[in-house]
Amino acid sequence: MATTQNKDYYGTLGVKKTATSDEIRKAFRKAARRYHPDVNPGDKKAEEKFKEISEANDVLSDEKKRKVYDQVGFYSDQIDPATAEAYARQQGAGGGSRPPVDFDGFDFSGFGGPGHQTGQPAGAGSQSWGSFKDIFSGIFSGSQQPQQRGPQPGTDLEYQATVDFWTAIRGGQARLQVNRHETCPTCHGQAHTGGVMQCPECNGTGQVTQMGGRMKFNIPCPRCNGTGRTSNTCVTCHGEGVVSRSEAVEFRIKPGTRDGQRIRLQGKGNAGVNGGAAGDLFLIVRTGTHPVFTRVGDDIQLTVPVTVPEASLGAKVDVPTIDGRAQLKIPPGTQSGQKLRMRERGVENAGRPGQRGDQIVTVEVVVPTLQDERSREIMRELARLNNQDPRTALFDKL
Ligand SMILES: [Zn+2]
Ligand SMILES: [Zn+2]
């Protein structure tokens, strides 16, 4: 069985074990400036060194991780801090006279799993050790099944797509620039290149031995996730299996598409990994506005100015509609603000072709600015003949 050496993170960063978090941060920055790959292009040694100091910093700069590291002698995400502490206490209570106990070959990986056979460690008869399982059952939490990267479906994407007023009404093609994950062209989504080979870290066993104080124990190999097999990570996608791309997506807009409507483009979301299906692309349509027409659902609203004689006497006036000019009958005695409905002059319904909304015209009576004495005389004459007080109703309600 291969053995991984416990790493001396303090030595790597060149700080004392009693270093404060500030000292650790400074030491890391100093080392990082020196070994950063950008500063040492093509220098493999510097790259390795940079990885080492990054790993050391990752553990030592995190208070919880550092505590575990100090107690057990190495760090793994699978270690539960409470158990690490119990372990450290147990180590202290164990006394110096006890010979080092070698648990080499003992498989901890099944602890916590149901129905898993538990072994008896050497020295388990000693009372001061307590229950072996009590100490270690929590160190590796969760089951340690080798992580097989099976097919993973791609995630869905959601974008807002603005289409102009007329395209939304009449339908047509629209385009949108979308950032999406595409299957990596180098590894075809496999995340690795070349064949699968035996993991050099664990020599294919899937397990490595790590020292915890005076004890050795086996953990799943971090390089191959306990599978014993590994392959070269694809350099194009850095093992993601996908790359990010900006792509122009074309889509069809149905006639009558409303603001806020969702369009689903199947398989146009992010690409999946390892043969997983691509996600979908959801477009939320935002329809543009128009200077004259206001769209409310399938109805079109607009304001039409009319003269006093037109409103008073009634008239037929030309008004704009989304299909061009149309005649609107103004009934005699139409008031400003009154709404007139033009049936089926609105937008065709996207879901029910052939069915149209209405056009709703708000009448705005335009009062003439009188320029000459004759017109003013006619207006006075009109007032005398129609001696109405439009404010009577206001006072009646007081
Ligand atoms: Zn391995
Ligand atoms: Zn790739």
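The structure presented is a predicted model; accordingly, all values stated were derived computationally and were not measured.

K.L.:
Explain the layout of surface pockets here, please?
P.N.:
To find leftover empty space, one rolls a probe the size of a water molecule over the atoms. When its volume is computed, the second largest pocket comes out at roughly 760 Å³. If you trace the second largest pocket, you find 20 residues lining it, with V308, S312, L382, N386 and Q388 closest to the centre. Secondary-structure elements contributing two or more residues to the lining of the second largest pocket are α8 (308-313) and α9 (373-385). Residue contributions to the lining of the second largest pocket peak at 5 residues, all from α9. In the lining of the second largest pocket, the residues fall into 11 nonpolar, 8 polar and 1 charged.

K.L.:
Which parts of the structure should I look at to understand the coordination of the zinc ion (ligand 2)?
P.N.:
Six octahedral donors around a metal ideally subtend angles of 90 or 180 degrees, whereas four tetrahedral donors ideally subtend 109.5 degrees. Looking at the zinc ion (ligand 2), one finds its protein donor set to be C184 (SG), C187 (SG), C234 (SG) and C237 (SG), positioned 2.2 to 2.3 Å from the metal centre. Of note is the zinc ion (ligand 2), whose 4 donor atoms meet at the metal with angles of 105 to 113 degrees in an arrangement that counts as tetrahedral.

K.L.:
What is the right way to read the coordination of the zinc ion (ligand 1) from this model?
P.N.:
Protein ligation of the zinc ion (ligand 1) involves C199 (SG), C202 (SG), C221 (SG) and C224 (SG), the donor distances falling in the range 2.2 to 2.3 Å. Around the zinc ion (ligand 1), the 4 donor atoms are arranged such that angles at the metal cover 103 to 114 degrees; this shape is classified as tetrahedral. Sequence positions of the donors to the zinc ion (ligand 1) reduce to the motif C-x2-C-x18-C-x2-C. Of the two residues, C199 sits in the loop between β3 (192-198) and β4 (207-212) while C224 sits in the loop between β5 (215-220) and β6 (229-233), which places them 25 residues apart along the sequence. Given a relative accessible area of 0%, C199 falls into the buried group. Residue class for C224 comes out buried when judged on its relative accessible area of 5%.

K.L.:
What is the right way to read the sheet that holds strand β8 (residues 262-265) from this model?
P.N.:
Note on sheets: strands pair through backbone hydrogen bonds, and any given pair is parallel or antiparallel. Spatial strand order, β1-β9-β8: 3 strands in an open sheet with mixed pairing. Every other strand in the sheet has two partners, leaving β1 (157-163) and β8 as the edge strands with one partner each. Each strand of the sheet is rotated relative to its neighbour by a mean of 30 degrees, with strand direction disregarded. Note that β1 and strand β9 (residues 281-287) share 7 bridges and pair parallel. Counted as the bridge partner of T162 is R286 from β9.

K.L.:
Sorry, what's going on with the nonpolar core here?
P.N.:
One recurring pattern in soluble globular proteins is that nonpolar side chains are buried together. With 19 residues, the main nonpolar core has I300 and L328 as its most contacted residues. Only α7 (165-170), β11 (299-307), β12 (315-321), β13 (324-330), β14 (339-342) and β15 (359-366) provide two or more residues apiece to this core. Here the element with the most residues in this core is β11; it accounts for 4 residues. Aside from chain neighbours lying at most four places away, what touches L328 is A315, K316, V317, V319, L340, M342 and V361. Among the nonpolar cores identified, the runner-up in size contains 18 residues, and V15, A31, F50 and Y69 belong to it.

K.L.:
I'm lost on the environment of V249 in this one. Help?
P.N.:
You can see V249 is positioned in strand β7 (residues 242-253). Residues V249 and L281, spaced 32 residues apart in sequence, show a C-alpha to C-alpha distance of 9.7 Å. Dropping the residues within four chain positions of it, V249 is found in contact with A174, R175, L176, V178, L265 and L281.

K.L.:
It is not clear to me how the side chain of D280 should be interpreted in this structure. Could you clarify?
P.N.:
Position of D280 among the secondary structure elements: in the loop between β8 and β9. Judged by its relative accessible area of 10%, D280 falls in the buried class. The contacts of D280, once residues within four sequence positions are left out, are T155, D156, L157, R264, L265, Q266, G267, K268 and G269.

K.L.:
Where do I start with the environment of N203 in this structure?
P.N.:
Positionally, N203 belongs in the loop between β3 and β4. Separated by 25 residues in the primary sequence, N203 and G228 place their C-alpha atoms 7.0 Å from one another.

K.L.:
Mind showing me how you'd approach the pairing of β14 here?
P.N.:
On a regular strand, each side chain points to the face opposite its neighbour's, so the side chains alternate between the two faces of the sheet. Judged by which residues are buried, β14 turns out to be one-sided: L340 and M342 face inward and are buried, whereas K339 and R341, on the alternate face, are not. When β14 meets β15, the two strands line up antiparallel, connected through 4 bridges. If you follow M342 over to β15, its bridge partner there is Q359.

K.L.:
Where do I start with the sheet that holds β14 in this structure?
P.N.:
Spatial strand order, β10-β11-β15-β14: 4 strands in an open sheet with mixed pairing. A single partner strand is all that each edge strand has here, and the edge strands are β10 (294-296) and β14. Sheet twist, expressed as the average angle between the axes of neighbouring strands with direction ignored, equals 35 degrees.

The rules we used
- Residues numbered from 1 in each chain as written.
- Chains lettered and ligands numbered in written order.
- Predicted model: local features only at pLDDT ≥ 70, side-chain atom pairs only at ≥ 80, totals over all residues.
- Heavy atoms only, no water.
- 1 Å grid on protein atoms, 1.4 Å probe; cavity = no way out; pocket = protein on both sides within 12 Å on 5 of 7 lines; lining within 4 Å.
- Points joined across faces, edges and corners; volume = space filled by probe spheres on them.
- Helix = DSSP H or I, 4+ residues; strand = E, 2+ residues; numbered from the N terminus.
- Nonpolar A, V, L, I, M, F, W, Y, C, P; charged D, E, K, R; others polar.
- Donors = N, O, S within 2.8 Å, 3.2 Å for Na, K, Ca; no water.
- Tetrahedral: all angles 85-135°; square planar, octahedral: opposite > 155°, others 65-115°.
- Buried < 20%, exposed > 50% of the residue type's maximum accessible area, 1.4 Å probe, protein only.
- Pairing = 2+ DSSP bridges.
- Axes fitted to C-alpha atoms, helices over the stretch in contact; angles between N-to-C directions.
- Core = buried A, V, L, I, M, F, W, Y, C linked by side-chain atoms within 4.5 Å.
- Contact = heavy atoms within 4.5 Å.

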